[in-house]
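Structure at a glance
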Amino acid sequence: MEYFDIQFMNLTEDDIALKKATHKFAEEVMRPTAKALDTMSAEDVVADGSPLWTFLKKAYELGYHKTLLPEYYGGLGLSPLQVHIVFEELGWGSFGLSVLLGVICFPFYVSCLAGNEELIEKYVKPFCACTDASIRGCWAITEPDHGSDYIASGEDYFTTPKMHGNVQARLEGDEYVINGQKSAWVSGGTIATHALLFLQLDPKHGFGGNGICVLPLDLDGVTKGKPLEKIGQRDLNQGEIYFDNVRIPKSYMLAEPTFYEPLLEMILASANMIMATWSTGIARAAFEEALVYSKERVQGTRPLIEHYAHKQRVFKLFARTEVIRAISRNVLNLNLNVSPPLAEYSLVAKSQCTEMAFQNAHELIQIMGGNGLTREYIAEKLFRDARATLIEDGNNETLERHGGHILAETYPRPPLDF
Amino acid sequence: MAIFTKKVAEELFGELWTRMIKDYGFGKSLKESGISIYFVVSDPDMVMFVDENGPIFGTEAEKKMPVVTMKMKGDIVHKFWLKDLNVPMALALRQIVAKGPVNKVLQLLPLMKPGMEIYPEYCKKFKLPMKA
Ligand SMILES: Cc1cc2nc3c(=O)[nH]c(=O)nc-3n(C[C@H](O)[C@H](O)[C@H](O)COP(=O)(O)OP(=O)(O)OC[C@H]3O[C@@H](n4cnc5c(N)ncnc54)[C@H](O)[C@@H]3O)c2cc1C
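Bear in mind the structure is a predicted one, so any value in this text is a computation, not a measurement.

1. Considerations on the site of the ligand
All names here are of chain A. Around the ligand sit 20 residues in total, of which Trp139, Thr142, Ser148, Ser187 and Gln238 are the nearest. At a separation of 2.7 Å, an oxygen atom of the ligand approaches a polar backbone atom of Thr142. Ser148 is positioned with one of its side-chain polar atoms (N or O) 2.6 Å from an oxygen atom of the ligand. With the chains in place, 67% of the 980 Å² that the ligand exposes on its own is no longer accessible. Here the element with the most residues in the shell around the ligand is helix H12 (residues 396-410); it accounts for three residues. The class makeup of the residues in the shell around the ligand is six nonpolar, nine polar and five charged. When residues of the shell around the ligand are assigned to domains, at least three fall in each of domain 2 (137-258) and domain 3 (260-410).

2. Details of the pattern of salt bridges
Residue and element names in this part refer to chain A. Enumeration according to the criterion identifies 33 salt bridges over all chains in this entry. The partner of Arg384 in a salt bridge is Asp38, and the shortest N-O contact between them spans 2.7 Å. Residue Arg384 is located in helix H11 (residues 379-389), and its partner Asp38 is located in helix H1 (residues 13-38); the two are separated by 346 residues in the primary sequence. Overall, the relative accessible area of 5% leaves Asp38 in the buried class. Residue Glu143 pairs with Lys182 through a salt bridge whose shortest N-O separation is 2.9 Å. Of this pair, Glu143 sits in the loop between strand E1 (137-140) and strand E2 (168-172) while Lys182 sits in the loop between strand E3 (175-181) and strand E4 (194-200), and the two are 39 residues apart along the sequence.

3. Details of the sheet that holds strand E2 (residues 46-51) of chain B
Across the sheet, six strands lie side by side as E11(A)-E5(B)-E4(B)-E1(B)-E2(B)-E3(B); this open sheet has mixed pairing. Either end of the sheet is taken by a strand with one partner, and the two such strands are strand E11 (338-339) of chain A together with strand E3 (54-57) of chain B. Bridge count for strand E1 (residues 37-42) of chain B against strand E4 (residues 68-73) of chain B is six bridges, and the pairing is parallel. Looking at the pairing, B:Tyr38 lines up with B:Thr69 of E4(B). Running over the sheet, helix H6 (residues 102-111) of chain B touches E11 of chain A together with E1, E4 and strand E5 (97-99) of chain B and is turned about 60° from E4(B).

What counts and what doesn't
- The residue count restarts for each chain, going from 1 along the sequence in the order it is written.
- Here chains are named by letter from A upward and ligands by number from 1 upward, in the order in which they appear as written.
- Note on the predicted model: pLDDT of at least 70 is required for a residue's local features to be given, and 80 or more for side-chain atom pairs to be given and counted; whole-chain, interface and lining totals, by contrast, use all residues.
- Computation of side-chain values covers all heavy atoms of the structure but excludes hydrogens and water.
- Neighbouring residues are identified by heavy atoms, a residue being near a molecule or strand if any of them is within 4 Å of it.
- Any N or O atom pair separated by 3.5 Å or less is treated as a polar contact, with the protein-specific requirement of one donor-capable and one acceptor-capable atom, and with residues adjacent in sequence counted only for side-chain atom pairs.
- The method behind every accessible area is Shrake-Rupley, applied with a 1.4 Å probe, and residues are considered shielded solely by the protein chains displayed.
- What counts as a helix is a DSSP run of H or I of at least four residues, what counts as a strand is a run of E of at least two, and both are numbered from the N terminus.
- Gly counts as polar in this scheme, as do all residues outside two lists: the nonpolar Ala, Val, Leu, Ile, Met, Phe, Trp, Tyr, Cys and Pro, and the charged Asp, Glu, Lys and Arg.
- Where a domain begins and ends is set by an automatic assignment or by a domain database.
- Here a salt bridge means any side-chain nitrogen of Lys or Arg lying within 4 Å of a carboxyl oxygen belonging to Asp or Glu.
- Exposure categories follow from relative accessible area, calculated using a 1.4 Å probe and restricted to protein chains: below 20% of the type maximum is buried, above 50% is exposed, and the middle band is partly exposed.
- Only strands joined by at least two bridges in the DSSP assignment are considered to pair.
- Pairs of residues are marked as contacts when any of their non-hydrogen atoms sit within 4.5 Å.
- In this description, a line fitted to the C-alpha atoms serves as the axis of each element, helices being fitted only across the stretch in contact, and the angle between N-to-C directions of two axes falls anywhere from 0 to 180 degrees.

Okay, here's the thing in structure tokens:
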């Protein structure tokens, strides 16, 4: 449905064209692909001939895999508002497929953030030039024994030796040798060709002794787990990655311990503000479904929308969508325009926007009554997909604790008055 | 103590940027990428604006509308040109704070490389330490 943009006075012709083109892709390619994948087994989702591959190829041909990357290296070079416009539409099409496209670019995006020229030449430029979806990244951070605590850099235990990472690397000459396993939650994990891999380099400093590298997944010693079955975002492939004496050049280590925590913070700030932009899409999808259904469904002799009490319920979905959009756009605009990003705002955006998007999906089911629970409508899928967002990219409680830690350490924050 | 005086800094960076623009195609790169930069330096306190037309300082620079603004101390500037600074780390640690599109900031680093090659000549000329 055409959805009015509160910032319409600031939209250029290019912005409007971008929005229309992305919406067309979301409606005609993403929605049907996501619907088909949702009913398939996790293994079939990534099997040869799966609609996933046709979707990815189309997405790469249109450049959606490189939305965030600098134009200079072959990325789309979009303004923050344009990035939001694209991600909102993609989130509307499917949250799971949006996440897949997001993690696909992560090793390459972070190579740019870390300014690693060797990796930019070797991997980022080919990734940007790729149109057949043959180069695909993933973000391998959590481990079977480490979820929330992998990102809890503000907690007192973070830098103690008791924090023993599963994936470890040791330096041998000019190479790092890597061993261990990442969790079954690595998005895109079983189909990725490259990983942005978080690992431990110096266990005596706990996770303060960690590092971040880019690792091509075709190296000897890399194996993958089985695709994970789960209730939401079933179109998002996930699975373990195992490392058995995998060797990478030392130069592939984007961050060693001195740079680890600052880069972790920058990565979390990026990932979380993007989760918020996709939430705009899923919240809007729920609002639109509620409105359409409320006009169709007749109870008490007239459509639901004509019952006065019902109007308030639909309005609430609209209101949340607008609040989510306002917060996520503002934060994206802030953090794509200041370096380093102000992570607390990304944490506000992720925790609040995903909560509100989930409320929309939850309320949509209630508005639709029994029909909301059936597979005939998209409502139950939006609900399952939105539920996962409260955990994905960090449990919201963990992110809020971390946000509180930033406030305690840095506030009152002086203005950026220059 | 400041690594250079304001007077030396203005003279040195005036020459350095002008040469990068004239001899190394830096002006063209800036123009093509739509980048102009405003530097706010402390210790010594100075401001500089650069676009494809060259560098300007002080109140003239203050009047400009830059695409990217970068704030840092004088010793960080010196370390940068000596290739002694990990810029992404300096940004992450707030030794440099930048305002303006992140993608343009990332793009600036490779563009400024030629200046790093000729900076030691200016260190010699202005008697600056070659180690940060
Ligand atoms: C859809 C989806 C996509 C994902 N994608 C990726 C990916 O691409 N890459 C990747 O590596 N991982 C990924 N993850 C994993 C995700 O980051 C983790 O699930 C998340 O960080 C939480 O970790 P956990 O599941 O181990 O829960 P736990 O950390 O075990 O937390 C369980 C509960 O305990 C609470 N808790 C934890 N620690 C504390 C504490 N110190 N104090 C109080 N309460 C606490 C939490 O809030 C939570 O409620 C994904 C997850 C999902 C659901």
